[in-house]
Amino acid sequence: MSDLINRKYDLLIKGGHVIDPANGIDEIMDVAVCGKTIAAVGKNIPEDTAGMVADAAGLYVTPGIIDIHAHVYPLLPTPEKSLVTVDPEAHLFLSGVTTAVDCGTTGIRDFVDFKQSVIDQCPVRILSLINIAQDGMVYMPSEQNIREFTPEICAEYVKAYPDVLVGIKTAHYWTGKPFDELHPPWASVDAARKAGELAGVPVFYDFAPTGSERTYEEMVMSRMRPGDFHTHVYAQHIPTLDENGKVFDYMWKARERGVLFDLGHGGGSFWYRNAVRCMEQGFYPDTISTDLHMHNIYKAVFSMIYCMSKVLCMGMPLAEVIDRSTRLPAKYIGRPELGTLTAGACADIAVIEQLTGKFGYTDNGNTRIDGDKRLQCVMTVRQGKVAYDLNGMTMPLWNEAGPEYWDRPCRVNGDMYRLEGAK
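What you are looking at is a predicted structure, and each value in this text was computed from that prediction instead of being measured.

> Describe in detail the overall build of the protein chain, supporting the description with residues and values.
Each helix and strand in the protein chain was counted, giving 12 helices and 17 strands. Overall, the protein chain is about 80 × 50 × 35 Å in size when its C-alpha atoms are taken along their principal axes. Taken across its 423 residues, the protein chain has 55% of its residues classed as buried. A separation of at least 24 residues holds for 73% of the contacts in the protein chain among residues at least 6 apart in sequence. Considering the protein chain, the positive charge centre built from 40 side chains and the negative charge centre built from 54 side chains are found 1 Å apart.

> Could you give an account of helix 5 (residues 187-199), with specific residues and numbers?
With 13 residues, helix 5 ought to run about 18 Å at 1.5 Å a step, and its terminal C-alpha atoms sit 18 Å apart, in line with that. Contact partners of the buried residues in helix 5: helix 4 (151-160), strand 9 (165-170), strand 10 (203-205) and helix 6 (216-223).

> Now, about the pairing of strand 5 (residues 60-63): what can you tell me, with residues and values included?
As paired strands, strand 1 (residues 9-20) and strand 5 are joined by two bridges and run parallel to one another. Residue Val18 lies in a different strand from strand 5, and its bridge partner there is Val61. Pairing between strand 5 and strand 13 (residues 349-362): four bridges, direction antiparallel. In the sheet register, Thr62 faces strand 13, and the bridge partner there is Ala350.

> Tell me about the sheet that holds strand 10, and name the residues and values.
In sheet architecture, strand pairing relies on hydrogen bonds along the backbone and comes in two forms, parallel and antiparallel. Here we have seven strands laid out as an open sheet, ordered 6-7-8-9-10-11-12, and parallel in their pairing. Only two strands of the sheet have a single partner each, and these edge strands are strand 6 (65-70) and strand 12 (260-262). Averaged over all pairs of adjacent strands, the angle between strand axes in this sheet comes to 25°, irrespective of strand direction. Taken together, the four bridges between strand 8 (residues 125-131) and strand 9 define a ladder with parallel strand orientation. Its bridge partner lying in strand 9, Ile130 is registered against Ile168. Across the face of the sheet, helix 3 (residues 111-119) comes into contact with strand 7 (97-103), strand 8 and strand 9 while running at roughly 170° to strand 8.

> Can you tell me about the packing of aromatic side chains, naming the residues and giving the values?
Tallying each qualifying case throughout the model produces 20 aromatic pairs. With a centroid separation of 6.3 Å and 35° between ring planes, the pair formed by Tyr157 and Tyr161 is classed as tilted. What makes Tyr157 partly exposed here is its relative accessible area of 22%. By relative accessible area, Tyr161 is classed as partly exposed at 23%. Ring geometry for Phe270 versus Tyr272: centroids 5.5 Å apart, planes at 80°, classification edge-to-face. The buried category is assigned to Phe270, whose relative accessible area is 0%. Of the residues examined, Tyr272 reaches a relative accessible area of 6% and is grouped as buried. Taken together, Tyr73, Phe111, Phe114, Tyr157 and Tyr161 form an aromatic cluster joined through their ring pairs. A cation over an aromatic ring shows up here: Lys177 above the ring of Trp174, its NZ or CZ 4.4 Å from the ring centre. Against the face of Phe283 rests Arg255, its NZ or CZ located 4.1 Å from the ring centre.

> An account of the pattern of salt bridges is needed here, citing residue identities and associated values.
Tallied over the full model, the rule gives 18 salt bridges. In this structure, the salt-bridge partner of Lys115 is Asp120, at a minimum N-O distance of 3.1 Å. The class for Lys115 is buried, based on a relative accessible area of 16%. For the salt bridge of Arg225 with Asp228, the shortest nitrogen-to-oxygen distance reads 2.9 Å. With relative accessibility at 0%, the residue Asp228 sits in the buried group.

> I'd love a proper account of the layout of surface pockets, names of residues and values included.
Each pocket or cavity is described by its volume, and for the largest pocket that value is around 300 Å³. Lining the largest pocket are 20 residues, with Leu94, Ser95, Phe302, Ser303 and Ile305 sitting closest to its centre. When contributions to the lining of the largest pocket are tallied by element, the ones reaching two or more residues are helix 2 (88-91), helix 9 (304-313) and strand 14 (368-382). When the residues that make up the lining of the largest pocket are grouped by side-chain class, the tally is 14 nonpolar, five polar and one charged. Taken as a whole, the second largest pocket encloses approximately 220 Å³ of empty space. Forming the walls of the second largest pocket are Met52, Val53, Met393, Thr394, Met395, Pro396, Glu400, Ala401 and Gly402. Each residue belonging to the lining of the second largest pocket can be placed in one class, and the counts come to six nonpolar, two polar and one charged.

> Describe unusual backbone geometry, with residues and values.
Of note, Trp174 is a non-glycine position whose phi angle comes to about 40°, a positive value. Relative to the helices and strands, Trp174 is located in the loop between strand 9 and helix 5. The backbone phi angle of Gln383 is positive, close to 50°, even though this residue is not glycine. Here Gln383 lies in the loop between strand 14 and strand 15 (385-389). A relative accessible area of 32% places Gln383 in the partly exposed class.

Conventions used here
Residues numbered from 1 in each chain as written. Predicted model: local features only at pLDDT ≥ 70, side-chain atom pairs only at ≥ 80, totals over all residues. Heavy atoms only, no water. Helix = DSSP H or I, 4+ residues; strand = E, 2+ residues; numbered from the N terminus. Buried < 20%, exposed > 50% of the residue type's maximum accessible area, 1.4 Å probe, protein only. Contact = heavy atoms within 4.5 Å. Lys, Arg positive; Asp, Glu negative; His and termini not counted. Charge placed at Lys NZ, Arg CZ, Asp CG, Glu CD. Expected span 1.5 Å × (residues − 1). Pairing = 2+ DSSP bridges. Axes fitted to C-alpha atoms, helices over the stretch in contact; angles between N-to-C directions. Phe/Tyr/Trp six-rings, centres within 6.5 Å; stacked < 30°, edge-to-face > 60°. Lys NZ or Arg CZ within 6 Å of the ring centre and 35° of its normal. Salt bridge = Lys/Arg side-chain N within 4 Å of Asp/Glu carboxyl O. 1 Å grid on protein atoms, 1.4 Å probe; cavity = no way out; pocket = protein on both sides within 12 Å on 5 of 7 lines; lining within 4 Å. Points joined across faces, edges and corners; volume = space filled by probe spheres on them. Nonpolar A, V, L, I, M, F, W, Y, C, P; charged D, E, K, R; others polar.

As structure tokens, this is what we get:
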């Protein structure tokens, strides 16, 4: 009975290297969980105070990872519905992702169904952007029709669902085609910006410059507001570098005025010829994200932890990689209570192993870099519950298990029964 009285924590993650940028922690510490919240972060928390202890020696312990650009609203693979989205529970927990932002898959026509069928049901925390086009990416021709852009209604949706909707999305509008009366150059961009202004939330721009009528410099220097995101910053069509391979001055100036640049890897939007040279000059992405969907999950993207590993091997320090995958995305979408191990915060935690060896990382141009590091998530905790435990860190050895292991009833074909005399 005294042991039970001493156990004030449900879970203790012991002896890991804690990286919690929100609190300036980058050292070996223990993390204790009680119920759904972080109870304490400190040194030498006694093991007998917790009902479950996970030995994290040699591992990194971070806030739950936030993928700020993913697609998780289920779509059928029809000609009109070309984006087949991932199953969040099946794919995200394995990367330590406890929060994903669906990046404008739905517009106003399908958002309520998305909320009811996915957001409200999913064990992964799902936040969302709402697409400026009424059908969003569910029926992608909607993104080309200016009559489908409804900034006032989008803003009202954000106000009606402030706990879930964190921004506006514009994407794929009239790329590589001549403009006309029905397709003005900035129609989608301007409509999305208006919606963001009306709702008081950031806008994510998936943008393709088209000649002198729609330039990237004008986009980041004039059209975007401070706090707005350009996603896919290292895509092949984004002019980040001048003829000498130097980052354009306007990129630095745009960042100074508060424009944010998201990695947004995707199936075609990450090229080393841009990313490596930008990062060598210190132009890092403000946030790391996947743009994950079923068309890229088995190609160059694979997962959030793989993208983080890729950026790590491109020279970004590990603490910066974690910051751009936890605290900073939470801050930029107005959810500072996420991406932190602060006592009292939701107990969303990732435990990560850094492997050493020879690893290859591909881009969307079918080229490769080699690195000597790879991050691997070994445990994910969501709201205090262990959602993923690769190595059984929270489980006893079989021959040291308690009586409940030896006297557990069997289930066969849905029926429960007990084996008499089983040892």
